[in-house]
Amino acid sequence: QITTVSGNEFLLQSDIDFLILDWFHAIKNAIDRLPKERSCTSRNLEFKLRRSSSIELLNSLDTESKEPKPEHRKSLIFRLNYSASDTNDRSRVKSRLKKFISRRPSLKTLQEKGLIKDQIFGSHLHIVCEHEKSTVPQFVRLCIKAVEKRGLDVDGIYRVSGNLATIQKLRFVVNQEEKLNLDDSQWEDIHVVTGALKMFFRELPEPLFPYCFFEQFVEAIKIQDTTTRIKSIRSLVKKLPRPNYDTMKILFEHLKKIAAKESVNLMSTQSLGIVFGPTLLRPEKETGNMAVHMLYQNQIVELMLSEYSKIFGSEED
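On a predicted model such as this, the values are computed, not experimentally measured, just so you know. Position numbers for residues count from 1 along each chain, tracking the sequence in the order it is written. The model is predicted, so local features are restricted to residues of pLDDT at least 70 and side-chain atom pairs to those at 80 or more, both for listing and for counting; the totals for chains, interfaces and linings are taken over all residues. In computing side-chain values, all of the structure's heavy atoms are included and hydrogens and water are not.

Comments concerning the overall build of the chain
This is how the line gets drawn: Secondary structure is summarised from DSSP: a helix means a run of H or I of at least four residues, a strand means a run of E of at least two, and numbering begins at the N terminus for each. Here's how the labels work: a residue is buried when its accessible area is under 20% of the maximum for its type, exposed when over 50%, partly exposed in between, all with a 1.4 Å probe on protein chains only. Should any heavy atoms of two residues lie within 4.5 Å, those residues are counted as being in contact. Here the open area of atoms and residues is found with the Shrake-Rupley method and a 1.4 Å probe, where only the protein chains shown may cover a residue.
On a plain count of helices and strands, the chain comes out with 14 helices and five strands. Counting only residues that meet the buried cut, the chain has 43% of its 317 residues in that class. Pairs at least 24 apart in sequence give 70% of the contacts found in the chain among residues at least 6 apart. Surface accessibility of the chain: about 18000 Å² in total, with carbon and sulfur atoms responsible for 51%.

Observations concerning the pattern of salt bridges
Any two side chains of opposite charge can pair, on the condition that their charged atoms come close. Just so we agree on the cut-off: Salt bridges, as used here, are contacts in which a Lys or Arg side-chain nitrogen is within 4 Å of a carboxyl oxygen on Asp or Glu.
Within this structure, the stated rule accounts for eight salt bridges. Ionic pairing is found between lysine 222 and glutamate 219, a salt bridge with its closest N-O pair at 3.4 Å. Classification of glutamate 219 by relative accessible area gives partly exposed; the value is 44%.

Notes on the packing of helix 5 (residues 138–150) against helix 7 (residues 190–202)
Stated precisely, the cut-off is as follows: Note on geometry: axes are C-alpha line fits, over the in-contact stretch for helices, and angles between N-to-C directions span 0 to 180 degrees. Our angle categories are set so that under 35 degrees counts as roughly parallel, over 145 as roughly antiparallel, 65 to 115 as roughly perpendicular, and the remainder as oblique. Two helices that cross are described as forming a left-handed crossing if the nearer one is turned anticlockwise from the farther one by less than a right angle, and a right-handed crossing if clockwise. Residue classes follow a fixed rule: Ala, Val, Leu, Ile, Met, Phe, Trp, Tyr, Cys and Pro count as nonpolar, while Asp, Glu, Lys and Arg count as charged, and any other residue, Gly among them, counts as polar.
In contact at an axis separation of 10 Å, helix 5 and helix 7 are set at 150 degrees when each is read in the N-to-C sense. As far as their axial angle goes, helix 7 and helix 5 are roughly antiparallel. In the packing of helix 5 onto helix 7, the handedness of the crossing is left-handed. Contacts from Phe139, Val140, Cys143, Ala146, Val147 and Arg150 in helix 5 reach Ile190, Val193, Thr194, Ala196, Leu197, Phe200 and Phe201 in helix 7. The residue inventory of the contact of helix 5 with helix 7, partitioned by class, reads 11 nonpolar, one polar and one charged.

Overview of the nonpolar core
Applicable threshold: Among the buried residues, those of types Ala, Val, Leu, Ile, Met, Phe, Trp, Tyr and Cys that are joined through side-chain atoms within 4.5 Å form a nonpolar core.
Phe209, Phe252 and Met304 are the most contacted members of the largest nonpolar core, which has 67 residues in total. Excluding residues within four positions of it along the chain, phenylalanine 252 makes contact with Phe209, Leu280, Val301, Met304, Leu305, Tyr308 and Phe312.

A short note on unusual backbone geometry
A positive phi angle is found at tyrosine 158, which is not glycine, with a value near 80 degrees. Here leucine 266, not a glycine, exhibits a phi torsion of approximately 60 degrees, which is positive.

Things to note about the packing of aromatic side chains
Just so we agree on the cut-off: Within 6.5 Å between ring centres, the rings of Phe, Tyr and Trp (the latter by its six-membered ring) count as paired, and their orientation is classed by plane angle as stacked under 30 degrees, edge-to-face over 60, tilted in between.
One pass over the structure, following the stated rule, counts 11 aromatic pairs. Between phenylalanine 121 and phenylalanine 200 the ring centres are 5.9 Å apart and the planes differ by 90 degrees, which places this aromatic pair in the edge-to-face class. With phenylalanine 121 in the loop between helix 3 (107–112) and helix 4 (125–132) and phenylalanine 200 in helix 7, this pair connects stretches of sequence that are 79 residues apart. Through successive ring pairs, a cluster of aromatic residues spans Phe209, Phe213, Phe217, Tyr245, Phe252, Tyr308 and Phe312.

Quick notes on helix 4
Stated formally: Directions pointing from the helix axis toward each C-beta atom define the arc.
The complete set of buried residues in helix 4 reads Leu125, Val128 and Cys129. The buried residues of helix 4 occupy one face: seen down the axis, they fall within an arc of 95 degrees. Lining the buried residues of helix 4 we find helix 7 and helix 10 (242–260).

Looking at the environment of lysine 222
Positionally, lysine 222 belongs in the loop between helix 8 (214–221) and helix 9 (226–238). Between the C-alpha atom of lysine 222 and that of tyrosine 296, which follows or precedes it by 74 residues, the distance is 8.2 Å.

Quick notes on helix 6 (residues 164–176)
One turn of an α-helix holds 3.6 residues; hence residues three or four places apart share an orientation. To be explicit about the condition: Expected helix span is given by 1.5 Å per residue-to-residue step, counting one fewer step than there are residues. What qualifies as a polar contact is a pair of N or O atoms within 3.5 Å, subject to a donor-acceptor requirement within protein and to the restriction that residues adjacent in sequence count only when both atoms come from side chains.
The terminal C-alpha atoms of helix 6, which comprises 13 residues, lie 18 Å apart, in line with the 18 Å expected from a rise of 1.5 Å per residue. For helix 6, the set of buried residues is Ile167, Leu170, Val173, Val174 and Asn175. In this structure, the buried residues of helix 6 make contact with helix 5 and helix 7. Two or three places before alanine 165, at the opening of helix 6, asparagine 163 has a side-chain oxygen 3.1 Å from that residue's backbone nitrogen.

Details of the side chain of histidine 191
Examined against the element boundaries, histidine 191 turns out to sit in helix 7. The contacts of histidine 191, once residues within four sequence positions are left out, are Val154, Asp155, Gly156, Ile157, Val160, Ser161, Gly162 and Ile167.

A look at the packing of helix 6 against helix 7
Interaxial distance between helix 6 and helix 7 falls to 9 Å at its minimum, and their mutual angle equals 60 degrees. Classified by the angle their axes make, helix 6 and helix 7 are oblique. Helix 6 and helix 7 meet at a crossing whose hand is right-handed. Residues Leu164, Thr166, Ile167, Gln168, Leu170 and Arg171 of helix 6 pack against His191, Val192, Val193, Gly195, Ala196 and Met199 of helix 7.

Comments concerning the confidence of the model for the chain
Quick reminder of the rule: Per-residue confidence from the predictor is given as pLDDT, running between 0 and 100.
Per-chain confidence: the chain averages 79 in pLDDT, with 69% of residues scoring 70 or above. Confidence over residues 37–85 falls short of pLDDT 50; this stretch has 117 contacts with residues more than four positions distant or in other chains.

Considering the environment of tryptophan 23
Along the chain, the position of tryptophan 23 falls in helix 1 (residues 17–32). For the pair tryptophan 23 and leucine 12, spaced 11 residues apart in sequence, the C-alpha separation works out to 8.5 Å.

Side note on the side chain of asparagine 244
Topologically, asparagine 244 is positioned in helix 10. The buried category is assigned to asparagine 244, whose relative accessible area is 9%. Looking at asparagine 244, its side chain comes within polar contact range of the main-chain oxygen of leucine 208, at 2.8 Å. Contact partners of asparagine 244, with chain neighbours within four places excluded, come to Leu125, Pro207, Leu208 and Pro210.

Printed below as a string of structure tokens:
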């Protein structure tokens, strides 16, 4: 934090301690290069370690004008408990920083104490489900409920993008708060809800279709015989981990309702396949076959929607 004589304050912050030290040295070197009449002879520094491991540099620089007024030229006073020119003291500060960092509690400890809330976006699906003691994330259920309540007839549902700033705001709320009311007026635009749901699936560290199943699904969709192709897809789906299977089932059941309103919302199974294929299914490492993979990704989602009852139904069905 830099406070000027005129009262202006500037905050430079980072969680990387040595980066902050670099900033400090850059500022000090700039001051050292000033004409002697513009600086005072005392160049002392005061560091205050905060719990966030940021370092606060306190001074009284005059930055209000390019040419400091005479009465401000001698105001560059650094209050001290350490001299930067002293090598021994510098080593001592580094040692203290290392000890401070080593004593910082782990992320797991902070989460267990409730100081840091588990994130919904960007976490593995099974971790979100374990935390909620469910097999389908609550956020997914809430989004589906909201879309089915007021979005089935909306033209281009899931294809039309919502306002990104509002989507990010919704993402922040989901990650920070326990309760979410999608009927609130700030989420009135249903495209914001669908955008956030797609973002949730895109940000999964491992997609809804796990990486280890990707090639198997691709090989299955290549099968020429329709009956054999459906049976092969069904068999793979049944092998998925429980959170993946249950979440996939409720999502595809929802998308099937969207496709049933195609005459109104203009979203066919093919359109939904194009939207959700790359979001739900992707290889762990991209290769030169991206265009080919995208075609198969779309076809897999499209087939699972058109043959939903055969793939997700009971054995008797």
